[in-house]
Amino acid sequence: MINKIYYLGTCDTCRKIIKSLPKDVDLVFHDIKQDRITEEQLEEMHQLSGSYESLFSKKAILYKTMDLKNKQLSESDYKNLILENYTFLSRPVFIINDGIYIGNSQQNILKVNTILNNV
């Protein structure tokens, strides 16, 4: 399996995280704004994470604008929303050695850096 990062190139947090990665890291970089994620790619993330909700960002401005917090969303809804608009994907998403690491929490990024230093 190819190690990947799904990120948003216009996101300061994503850029900061990418700068913090070990040098010469063997990752495929996928800017989700420039090159939308496909259903197949989302399906791979879903297989590794176990749910579409875990991949869904409730911090997205559209989440508030569309008043989604007051709606009962199904796994299918989360999947469709992520495919419709890249901002709903919690970022960054790393797929490394058949593991998935979702979001920008400090703990998550420390884990990713540790793994990448040992790849």
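Residues numbered from 1 in each chain as written. Predicted model: local features only at pLDDT ≥ 70, side-chain atom pairs only at ≥ 80, totals over all residues. Heavy atoms only, no water.

**Q** I tried to follow the pairing of strand β2 (residues 28–31) on my own but got confused; where do I start?
**A** Two faces make up the sheet, and in a regular strand the side chains alternate between them. Summarising the sheet, strand β1 (residues 4–7) and β2 pair through four bridges and their orientation is parallel. Considered in β2, the bridge of K4 is made with V28. Handedness of the crossover is the feature at issue here: the chain leaves β1, passes through helix α1 (residues 12–20), returns alongside β2, and the resulting connection is right-handed. (Pairing = 2+ DSSP bridges. Helix = DSSP H or I, 4+ residues; strand = E, 2+ residues; numbered from the N terminus. Right-handed = clockwise from strand over helix to strand, strands pointing away.)

**Q** Can you help me understand the packing of helix α2 (residues 39–49) against helix α4 (residues 75–84) in this one?
**A** Packed helices, taken two at a time, are described by their axes: the angle between them and the distance between them. One way to put it is that α2 packs onto α4 with a least axis distance of 10 Å and a crossing angle of 135°. Taken together, the axes of α2 and α4 are oblique relative to one another. Of the two elements, α2 crosses α4, and the hand of that crossing is right-handed. Each of E39, L42, E43 and H46 in α2 lies in contact with α4, whose residues at this interface are E75, K79, I82 and L83. Taken together, the residues of the contact of α2 with α4 sort by class into three nonpolar, one polar and four charged. (Axes fitted to C-alpha atoms, helices over the stretch in contact; angles between N-to-C directions. Parallel < 35°, antiparallel > 145°, perpendicular 65-115°, else oblique. Left-handed = near helix turned anticlockwise from the far one by under 90°. Contact = heavy atoms within 4.5 Å. Nonpolar A, V, L, I, M, F, W, Y, C, P; charged D, E, K, R; others polar.)

**Q** Mind showing me how you'd approach empty space enclosed by the protein here?
**A** To find leftover empty space, one rolls a probe the size of a water molecule over the atoms. This structure, assessed with the given rule, holds one cavity of 30 Å³ or more. Around the largest cavity, the lining residues are I32, R36, I37, I82, L83 and Y86. Of the residues in the lining of the largest cavity, the class split is five nonpolar, no polar and one charged. (1 Å grid on protein atoms, 1.4 Å probe; cavity = no way out; pocket = protein on both sides within 12 Å on 5 of 7 lines; lining within 4 Å. Points joined across faces, edges and corners; volume = space filled by probe spheres on them.)

**Q** Which parts of the structure should I look at to understand the pattern of salt bridges?
**A** For side chains of opposite charge, pairing can occur when their charged atoms come near one another. Enumeration over the complete set of coordinates arrives at five salt bridges. Among the salt bridges present, the one from K4 reaches E44, with a minimum N-O distance of 2.8 Å. With K4 in strand β1 and E44 in helix α2, the pair connects residues that are 40 residues apart, well separated along the chain. Of the two residues examined, K4 and E44, each falls in the buried class. Between K58 and E53 there is a salt bridge, with the nearest N and O atoms lying 3.1 Å from each other. You can call K58 partly exposed: its relative accessible area is 38%. The class of E53 is partly exposed, set by a relative accessible area of 36%. In this structure, a network of salt bridges that share partners links the residues E39, E43 and K79. (Salt bridge = Lys/Arg side-chain N within 4 Å of Asp/Glu carboxyl O. Buried < 20%, exposed > 50% of the residue type's maximum accessible area, 1.4 Å probe, protein only.)

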